[in-house]
Amino acid sequence: MAETLILPPSTNRAELYEALYPQIEALVATESDLIANLSNVAAALKEAFGFFWVGFYMVKEGQLVLGPFQGPIACTRIPFRKGVCGACYTRQETIIVPDVEQFPGHIACSSASKSEVVVPVFHRNGTVAMVLDVDSDQLDDFSEADAAGLEKIMKLIERKM
Ligand code: SME
């Protein structure tokens, strides 16, 4: 397994996701442990894009519980009805929030977080297993390119569950 990412000197997110995808695919291909794979995916996304916070909240005990992540310490438990993560769980779809202060019920784990994208990860039976939460310290930092790139990477995780 390659231990360093090779990325083009580009700031174009779609190009970066395209370069990153096969490397994440290779990274998770030979590992069956879910937590190990989620940990490396969080690290790869943080390294490739320099996001402020990247991590997973796992469905456990009737709520969302903090899983593998990269970035500052974060809230450990999020009720299904709360925050962007809860909304993503409930709606079962990716949510892009350009300005977290405009999102009713947003949970501010850090005041430095200004925008975010949250992507659901599904079990084979169609229920949500976890959500991927990516936070930026810039306003309006996420577009459909991020949603598409992150959803494609999460499909790799779904295939491993
Ligand atoms: N902002 C998220 C909570 C998680 S942290 O930002 C790491 C939310 O509103 O669901």
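J.: Help me understand the side chain of serine 113, please; the structure alone is not making it clear to me.
T.: For serine 113, the position within the fold is in the loop between strand S4 (95-97) and strand S5 (115-122). One polar contact links serine 113 to aspartate 135, side chain to side chain, over a distance of 3.5 Å.

J.: In this structure, what is going on with unusual backbone geometry? I would like to understand it.
T.: In most cases, non-glycine residues show a negative phi, while peptide bonds are predominantly trans. Positive phi, close to 60°, is recorded for glutamine 92, a residue that is not glycine. Summarising the element assignment, glutamine 92 is placed in the loop between helix H3 (83-91) and S4. Its identity as a non-glycine residue notwithstanding, aspartate 140 has a phi of 55°, on the positive side.

J.: Looking at this structure, how should I read the state of the cysteines?
T.: Among covalent bonds in proteins, the disulfide is the one between the sulfur atoms of two cysteines. By the definition in use, this model includes one disulfide. Through a disulfide, cysteine 75 is tied to cysteine 109; the S-S separation comes to 2.0 Å. Between cysteine 75 and cysteine 109, the S-S torsion sits near -130°, and that sign places the bridge as left-handed. Placement of cysteine 75 in the loop between strand S2 (63-70) and strand S3 (77-78) and of cysteine 109 in the loop between S4 and S5 is noted, with a sequence separation of 34 residues between them. This cysteine, cysteine 85, is not joined by any disulfide, and cysteine 88 carries the nearest cysteine sulfur, 7.1 Å off. We classify cysteine 88 as buried; its relative accessible area is 0%.

J.: Even after reading the chapter, I still don't get empty space enclosed by the protein, so can you show me in this structure?
T.: Taking a probe equal in size to a water molecule and rolling it over the atoms shows the remaining empty space. Applying the stated criterion to the full structure yields one cavity of 30 Å³ or more. When its volume is computed, the largest cavity comes out at roughly 160 Å³. For the lining of the largest cavity, the secondary-structure elements that each account for two or more residues are strand S1 (53-60), H3 and strand S6 (128-136). In terms of residue count, H3 provides more of the lining of the largest cavity than any other element does, three residues in total. Considering only residue class, the lining of the largest cavity consists of 11 nonpolar, four polar and three charged.

J.: I'm lost on the site of the ligand in this one. Help?
T.: The ligand sits among 13 residues. The nearest are Val84, Cys85, Ile107, Glu116 and Asp135. Valine 84 places a polar main-chain atom, nitrogen or oxygen, 3.0 Å from an oxygen atom of the ligand. Residue histidine 106 places a side-chain N or O atom 3.2 Å away from a nitrogen atom belonging to the ligand. Protein chains shield 99% of the accessible area of the ligand, which is 310 Å² for the free molecule. Comparing atom positions with the cavity grids shows the ligand to sit within the largest cavity. Residue assignment for the shell around the ligand shows that the elements contributing at least two residues are S1, H3 and S6.

J.: When you look at the packing of helix H1 (residues 13-29) against helix H4 (residues 144-159) in this model, what are you seeing that I'm missing?
T.: A packed helix pair is summarised by two numbers, namely the angle formed by the two axes and the spacing between the axes. Orientation of H1 relative to H4, taken along the N-to-C sense of each, is 10°, at an axis distance of 9 Å. With respect to their mutual orientation, H1 and H4 come out roughly parallel. Residue-level inspection shows Arg13, Ala14, Tyr17, Leu20, Tyr21, Ile24 and Glu25 of H1 in contact with H4, the latter providing Ala145, Asp146, Gly149, Leu150, Lys152, Ile153, Leu156 and Arg159. Residue classes in the contact of H1 with H4 are distributed as nine nonpolar, one polar and five charged.

J.: I'm lost on the pairing of S1 in this one. Help?
T.: In the case of a regular strand, side chains alternate between the two sheet surfaces. Burial runs high along S1: six of the eight residues are buried. With six bridges joining them, S1 and S6 adopt antiparallel strand pairing. Paired with tyrosine 57 across the strands is valine 131, a residue of S6. As paired elements, S1 and S2 share six bridges and run antiparallel to each other. The residue bridging valine 54 from the neighbouring strand is glutamine 70, located in S2. Here S1 folds back onto S2, and the loop between the two strands holds two residues, one of which, glutamate 61, carries a positive phi near 50°.

Scoring rules and cut-offs
- Residues numbered from 1 in each chain as written.
- Predicted model: local features only at pLDDT ≥ 70, side-chain atom pairs only at ≥ 80, totals over all residues.
- Heavy atoms only, no water.
- Helix = DSSP H or I, 4+ residues; strand = E, 2+ residues; numbered from the N terminus.
- Polar contact = N/O pair within 3.5 Å; in protein donor to acceptor, adjacent residues only side chain to side chain.
- Disulfide = S-S within 2.5 Å.
- Buried < 20%, exposed > 50% of the residue type's maximum accessible area, 1.4 Å probe, protein only.
- 1 Å grid on protein atoms, 1.4 Å probe; cavity = no way out; pocket = protein on both sides within 12 Å on 5 of 7 lines; lining within 4 Å.
- Points joined across faces, edges and corners; volume = space filled by probe spheres on them.
- Nonpolar A, V, L, I, M, F, W, Y, C, P; charged D, E, K, R; others polar.
- Near = heavy atom within 4 Å.
- Areas by Shrake-Rupley, 256 points an atom, 1.4 Å probe, with all protein chains shown as cover.
- Sits in = over half its atoms within 2 Å of the grid points.
- Axes fitted to C-alpha atoms, helices over the stretch in contact; angles between N-to-C directions.
- Parallel < 35°, antiparallel > 145°, perpendicular 65-115°, else oblique.
- Contact = heavy atoms within 4.5 Å.
- Pairing = 2+ DSSP bridges.

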